[in-house]
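# Coordinate inspection notes
Read off the chains here:
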Amino acid sequence: MRRCSVVAIFNWPPMARCQLVLLLLLCIAGAVLASGADGRKPIGVYELKKGNFSVKVTNLGAILMSVVLPDSKGNLADVVLGKTPSPNTLTILLTSDQWPAASRNGYPGAGSSSTAKSTTCTETTAGNTLHSGGRQFVKSIWEVKEYVCGGDSPYITLYHYSFDGEQGFPGAVDVYVTYRLSSPYTLGVHMNATALDKATPVNLLSHTYWNLGGHGSGDVLGHTLKLFASRHLVLDKELLPSSGRVEPVAGTPLDFRTPTPIGARIRQASGGQVVGYDANFIVDGEGMRPVAVARDGASGRALELWANQATVQVYTANWLNNTKGKDGKVYNQYAGFTLETMGYVDAVNHPEFPSQTLRPGQKYKHDMVLKFSF
Ligand SMILES: *[C@@H]1O[C@H](CO)[C@@H](O)[C@H](O)[C@H]1NC(C)=O
Ligand SMILES: *[C@@H]1O[C@H](CO)[C@@H](O)[C@H](O)[C@H]1NC(C)=O
Ligand SMILES: *[C@@H]1O[C@H](CO)[C@@H](O)[C@H](O)[C@H]1NC(C)=O
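Residues numbered from 1 in each chain as written. Chains lettered and ligands numbered in written order. Predicted model: local features only at pLDDT ≥ 70, side-chain atom pairs only at ≥ 80, totals over all residues. Heavy atoms only, no water.

### Things to note about the packing of aromatic side chains
Operational definition: Put simply, two rings from Phe, Tyr or Trp (the six-membered ring, in Trp's case) pair if the centres are within 6.5 Å, and we call them stacked under 30 degrees between planes, edge-to-face over 60, tilted for the rest. Under the scheme used here, helices are H or I runs from DSSP no shorter than 4 residues and strands are E runs no shorter than 2 residues, and both carry numbers assigned from the N terminus. Classification of residues uses two cut-offs on accessible area relative to the type maximum, computed with a 1.4 Å probe and protein chains only: under 20% is buried, over 50% is exposed, and between them is partly exposed.
Taken as a whole and assessed by the stated rule, the structure comprises nine aromatic pairs. Look at Y159 and Y176: their rings are 5.0 Å apart centre to centre, the planes differ by 45°, and that puts the pair in the tilted class. Of this pair, Y159 sits in strand β7 (residues 155-162) while Y176 sits in strand β8 (residues 173-182), placing them 17 residues apart in sequence. A relative accessible area of 28% means that Y176 is categorised as partly exposed. An aromatic cluster is built from F53, Y185, W210, F372 and F374, whose rings are joined through pairwise contacts.

### A few points about the site of ligand 1
In plain terms, the rule: Residue proximity to a molecule or strand is established when one non-hydrogen atom of the residue lies within 4 Å of it. Pairs of N or O atoms are called polar contacts if they sit within 3.5 Å, as long as, within protein, a hydrogen donor faces a hydrogen acceptor (for residues adjacent in sequence, only side-chain-to-side-chain pairs). Accessible surface is estimated by sampling points in the Shrake-Rupley manner with a 1.4 Å probe; for residues, cover comes only from the protein chains shown. Gly falls in the polar group here, along with every residue not listed as nonpolar (Ala, Val, Leu, Ile, Met, Phe, Trp, Tyr, Cys, Pro) or charged (Asp, Glu, Lys, Arg).
The full set of residues close to ligand 1 is N52, P70, G74 and Y185. Between ligand 1 and N52, the relevant distance is 2.4 Å, taken from an oxygen atom to a side-chain nitrogen or oxygen of the residue. Burial of ligand 1 by the protein chains amounts to 34% of its free accessible area of 360 Å². Class assignment for the residues of the shell around ligand 1 results in two nonpolar, two polar and no charged.

### Describing the site of ligand 2
Taken together, T157, Y176, T178, N192, T194 and K363 make up all the residues around ligand 2. Within the contact set of ligand 2, an oxygen atom lies 3.0 Å away from a side-chain nitrogen or oxygen of K363. Relative to its unbound accessible surface of 360 Å², ligand 2 loses 54% to contact with the protein. Of all elements in the fold, only β8 and β9 (186-195) reach the threshold of two or more residues within the shell around ligand 2. Residues that form the shell around ligand 2 fall into these classes: one nonpolar, four polar and one charged.

### Side note on the pattern of salt bridges
Oppositely charged side chains can form a pair if their charged atoms are brought close together. Basically, it comes down to this: When a carboxyl oxygen of Asp or Glu lies within 4 Å of a side-chain nitrogen of Lys or Arg, that pair is called a salt bridge.
Summed over the entire model, instances satisfying the criterion amount to six salt bridges. Put simply, K145 and E143 hold a salt bridge, and the shortest N to O gap is 3.2 Å. Owing to a relative accessible area of 41%, K145 belongs among the partly exposed residues under this scheme. The closest approach of N and O atoms between K198 and D164, which form a salt bridge, is 2.7 Å.

### Quick notes on the pairing of strand β20 (residues 311-315)
Put simply, the rule reads: The rule for pairing is simple: two strands pair if DSSP sees at least two bridges between them.
Of all five residues in β20, five are buried, a share of seventy percent or more. Of the two faces of β20, the one carrying T311, Q313 and Y315 and the one carrying V312 and V314 are both buried. Sheet topology places strand β17 (residues 278-282) next to β20; five bridges connect them, and they run antiparallel. Each bridged residue has a counterpart across the sheet, and for I282 the counterpart in β20 is T311. Strand direction decides the pairing type here: β20 and strand β23 (residues 338-342), joined by five bridges, are antiparallel. Paired with Q313 across the strands is E340, a residue of β23.

### Thoughts on the nonpolar core
Under the convention used in this document: Note on terminology: a nonpolar core comprises buried Ala, Val, Leu, Ile, Met, Phe, Trp, Tyr and Cys residues joined through side-chain atoms within 4.5 Å. When checking whether two residues touch, look at their non-hydrogen atoms; a contact exists if any pair is within 4.5 Å.
Among the nonpolar cores identified, the biggest contains 61 residues, and V67, L187, W210 and F372 are the most heavily contacted of them. Here V67 is in contact with F53, S54, V55, A77, D78, V79, V80, L187, W210 and F372, once residues within four sequence places are set aside. Ranked by size, the runner-up nonpolar core spans eight residues in total, among them I282, Y344, V345 and F353.

Set out below in structure tokens:
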């Protein structure tokens with residue numbers, strides 16, 4: 001097997017070597033921004049490749065940076081929205097909530113321009129931890145535990161030690177994320193967590209924005225979406241499930257039980273303060289099972305998601321507006337969609353929901369399998 005070479009390594013301070021101009025800039029950005037225990041870990045971009053299916057991941061926030069695959073005519077495209085690694089990107093990642101990947105008590109809310117409000121969530125208080133308050137996992141530099149770039153089943157395992165009090169949550173937690181490619185055109189995302197000393201809420205999510213026509217190719221309103229969900233969690237204007245109500249999707253713009261264009265009823269959908277989807281669906285059934293199928297007729301690409309989580313948040317990038325992306329692309333409203341599987345949102349404040357509290361010795365396991373076709 002060919003040797004793995006890391007696509008890019010950004011030496012975080014203290015800077016050992018900054019050979020290229022770009023790296024130099026990144027090092028400077030790093031020197032300005034980095035602090036604390038992460039200060040010594042390098043940031044890298046790691047590629048997993050299986051024929052013409054390839055994925056890039058960075059250990060900054062364990063973010064899925066790209067997924068490249070053919071379409072029905074044999075054209076390759078990257079179907080993940082994102083930013084080019086640059087000093088500016090790092091600034092954004094470290095100082096705002098732009099592209100969250102995983103967070104400790106993942107509560108997906110207002111998406112790319114969301115504001116994390118409270119850092120004081122405890123087991124009993126009602127802190128709004130949209131994407132988790134304060135310092136998020138996405139702003140942490142994860143340790144690369146294992147990396148196999150090619151062969152039959154390329155994978156990378158990233159590890160993060162979340163200390164007692166991080167993001168305002170009690171207890172220390174070990175968190176692992178593995179991205180793994182398998183045939184045919186399948187990406188597995190496997191997250192696990194272990195509470196080391198205290199009981200603590202854990203609800204991780206992947207916040208990847210998809211556009212099966214290729215990122216920057218326009219909006220996703222023409223994609224069809226099928227959700228294996230006959231009920232949804234009612235969210236208020238703050239995108240919190242304050243009423244605790246679970247209602248049928250039947251007869252609402254949230255009914256995606258048969259494949260329906262995302263844009264068909266989007267004008268009737270309200271994602272908090274803005275028009276568009278930002279809704280939480282209860283996935284039918286239990287265990288590892290189908291969650292969603294999205295399809296872009298123009299490119300012929302489809303994405304089928306399986307997961308073992310209770311709910312899925314669907315967000316249609318309602319706040320993107322002339323937003324600069326990677327490869328010189330510009331993203332506007334509805335330029336992508338997310339399928340964020342997770343446990344019940346805000347379960348800590350709703351005893352009627354299945355608990356998301358992880359006790360020492362218990363194991364949290366979140367598996368997603370994304371099957372692409374074209
Ligand atoms: C992608 O790889 C598959 C399997 O090797 C091959 O059949 C197909 O022609 C390739 N497509 C492109 C666009 O390279
Ligand atoms: C979590 O995943 C990592 C990497 O695959 C593995 O080494 C570890 O044993 C897993 N931990 C638990 C508690 O399952
Ligand atoms: C996008 O931004 C422009 C300029 O700031 C503003 O006029 C416009 O209303 C925004 N559009 C949306 C959909 O938010």
